[in-house]
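Here is how the chains run, residue by residue.
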Amino acid sequence: MLPLVLASSSPYRRELLARLRLPFTWSAPAIDESRLPNEDASSLVRRLAEEKARALSDSHPHHLIIGSDQVAVLDQDILGKPHNFARARSQLLAASDRSVTFLTGLALLNSETGQCQVDCIPFTVHFRPLSEEQIGRYLEAEQPYDCAGSFKAEGLGISLFRSTEGSDANSLIGLPLIRLVDMLHEAGIDIP
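Read on for a plain summary of the structure. Remember, it's a predicted structure, so these values are computed and weren't measured experimentally.

## As for the packing of aromatic side chains
So, point 1. Evaluation of the coordinates by the stated rule reveals five aromatic pairs.
So, point 2. Measuring from centroid to centroid gives 6.1 Å for Phe24 and Trp26, while their planes differ by 50 degrees, and the two rings are tilted.
So, point 3. Ring plane angle 85 degrees and centroid distance 5.0 Å describe the contact between Phe151 and Phe161, whose orientation is recorded as edge-to-face. Of this pair, Phe151 sits in the loop between α4 (132-142) and β7 (161-166) while Phe161 sits in strand β7, placing them ten residues apart in sequence. Of the two residues examined, Phe151 and Phe161, each falls in the buried class.
So, point 4. Chaining the aromatic ring pairs together yields one cluster made of Phe102, Phe127, Phe151 and Phe161.
So, point 5. Sitting over the ring of Trp26, Arg14 keeps its end group 4.3 Å from the ring centre.

Here it is as structure tokens:
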């Protein structure tokens, strides 16, 4: 089996990948994550996931490299990481009693052969009606300023949802494990 490397510095993605009980290392890729003119959200995350994986191919020439990228979309608008209370509050107010779709790009690159599998996995969150007070209490409690959409689904953020919809709840956290297992199987790795 070729060694696995995760092209990410995200602790959330590392925790998810560890569930598969495969040895892996990780490294943060240095790429420009800017959106291209007229690029839709699905194309953006697919491109960035592949670019992240390919960015590590020279330093990891005989590896399977996993790249992933995620955006949240509300009414065709891409919601980025808020980075502060004011932007997070604004994002959650906009999402109140509405649905936000998270698109997670996933790439598995065999750096030995250059073969790359790429996909985009959607997951939709239907928010409860949220008051400004609820939003404020949530943001003070969890401070999810490094999370697209301004919440942590693996924590108290679940209290903001009315329901969720999608094939893999892990994709909401940033790494769609069900699809990754399919890709790893195609690359010759059986789990378990």
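Now that the structure is up, let's keep going.
## With respect to the side chain of Asn170
So, point 1. Mapped onto the secondary structure, Asn170 falls in helix α5 (residues 170-173).
So, point 2. Residue class for Asn170 comes out buried when judged on its relative accessible area of 16%.
So, point 3. Among the polar contacts listed, one links the side chain of Asn170 to the side chain of Arg19, at a separation of 2.8 Å.
So, point 4. Discounting residues that sit within four places of it in the chain, Asn170 has contacts with Leu16, Arg19, Leu175, Pro176 and Leu177.

## Observations concerning the side chain of Ser57
So, point 1. Turning to its location among the elements, Ser57 is positioned in the loop between α2 (41-55) and β3 (64-74).
So, point 2. Within the structure, the side chain of Ser57 is placed 2.8 Å from the backbone oxygen of Arg54, a separation counted as a polar contact.
So, point 3. Other than its neighbours up to four places away in sequence, Ser57 contacts Ile65, Leu109 and Ser111.

Rules used in this analysis
- Residues numbered from 1 in each chain as written.
- Predicted model: local features only at pLDDT ≥ 70, side-chain atom pairs only at ≥ 80, totals over all residues.
- Heavy atoms only, no water.
- Phe/Tyr/Trp six-rings, centres within 6.5 Å; stacked < 30°, edge-to-face > 60°.
- Helix = DSSP H or I, 4+ residues; strand = E, 2+ residues; numbered from the N terminus.
- Buried < 20%, exposed > 50% of the residue type's maximum accessible area, 1.4 Å probe, protein only.
- Lys NZ or Arg CZ within 6 Å of the ring centre and 35° of its normal.
- Polar contact = N/O pair within 3.5 Å; in protein donor to acceptor, adjacent residues only side chain to side chain.
- Contact = heavy atoms within 4.5 Å.

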